[in-house]
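The chain contents come next:
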Amino acid sequence: MTANNVSNSDTPLRATFKISLNGKTVSIGTVGQAYQFITNLSSVEWIEFKSLHADAVRTLQGAAENAMLTVQATAALRALFVRAKLL
């Protein structure tokens, strides 16, 4: 699946994440929104969380193809966001 297809996925996650970034609240509720959020930031910003970031990207790509994987994708995102102190 191409990155564009993953970015456009409207498959809902198991939770909606509300993240405060630069004074604005960003709501992330779909696979596509999550994929765009974690891949549009510079890789340098995720370097400290490289393994968690890679896991989240991989599980989001899987969930875009198979909605049964949204549980794993949601868990991977939660782990990344908590570790990065975004939640």
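Located above this text is the structure these notes cover.
Described below are features of the structure shown in this document. (Residues numbered from 1 in each chain as written. Predicted model: local features only at pLDDT ≥ 70, side-chain atom pairs only at ≥ 80, totals over all residues. Heavy atoms only, no water.)

Here's the deal with the packing of aromatic side chains
Each aromatic ring pair is described using two quantities: the centre-to-centre distance and the angle formed by the ring planes.
Phase 1 of the analysis: In total, this model carries 2 aromatic pairs according to the counting rule given.
Phase 2 of the analysis: Geometrically, the ring pair formed by phenylalanine 37 and phenylalanine 81 is edge-to-face, given 5.8 Å between the ring centres and 85° between the ring planes. One end of the pair, phenylalanine 37, is in helix α2 (residues 31-40); the other, phenylalanine 81, is in helix α5 (residues 70-83), and 44 residues separate them in sequence.
Phase 3 of the analysis: Exposure remark for phenylalanine 81: the relative accessible area of 0% places this residue in the buried category.
Phase 4 of the analysis: Taken together, the ring pairs in this structure connect Phe17, Phe37 and Phe81 into an aromatic cluster. (Phe/Tyr/Trp six-rings, centres within 6.5 Å; stacked < 30°, edge-to-face > 60°. Helix = DSSP H or I, 4+ residues; strand = E, 2+ residues; numbered from the N terminus. Buried < 20%, exposed > 50% of the residue type's maximum accessible area, 1.4 Å probe, protein only.)

Overview of the pairing of strand β2 (residues 24-30)
Phase 1 of the analysis: Pairing geometry for strand β1 (residues 12-21) and β2, over 6 bridges, is antiparallel. If you follow proline 12 over to β2, its bridge partner there is threonine 30. (Pairing = 2+ DSSP bridges.)

A word on the packing of α2 against α5
Phase 1 of the analysis: In contact at an axis separation of 12 Å, α2 and α5 are set at 35° when each is read in the N-to-C sense. The two elements α2 and α5 cross, and the hand of that crossing is left-handed. From α2, Val31, Ala34, Phe37 and Ile38 reach across to α5, where they touch Thr70, Leu77, Leu80 and Phe81.
Phase 2 of the analysis: A breakdown of the residues in the contact of α2 with α5 according to their chemical character gives 7 nonpolar, 1 polar and no charged. (Axes fitted to C-alpha atoms, helices over the stretch in contact; angles between N-to-C directions. Left-handed = near helix turned anticlockwise from the far one by under 90°. Contact = heavy atoms within 4.5 Å. Nonpolar A, V, L, I, M, F, W, Y, C, P; charged D, E, K, R; others polar.)

Observations concerning the packing of helix α4 (residues 50-65) against α5
Phase 1 of the analysis: Where α4 contacts α5, the two axes come as close as 8 Å, and the packing angle between them is 155°. When the axes of α4 and α5 are compared, the pair comes out roughly antiparallel. The interaxial crossing formed by α4 with α5 has left-handed handedness. The residues of α5 that touch α4, namely those facing Leu52, His53, Asp55, Ala56, Thr59, Leu60 and Ala63, are Thr70, Gln72, Ala73, Ala76, Leu77, Ala79, Leu80 and Arg83.
Phase 2 of the analysis: For the contact of α4 with α5, the residue count by class is 9 nonpolar, 4 polar and 2 charged. (Parallel < 35°, antiparallel > 145°, perpendicular 65-115°, else oblique.)

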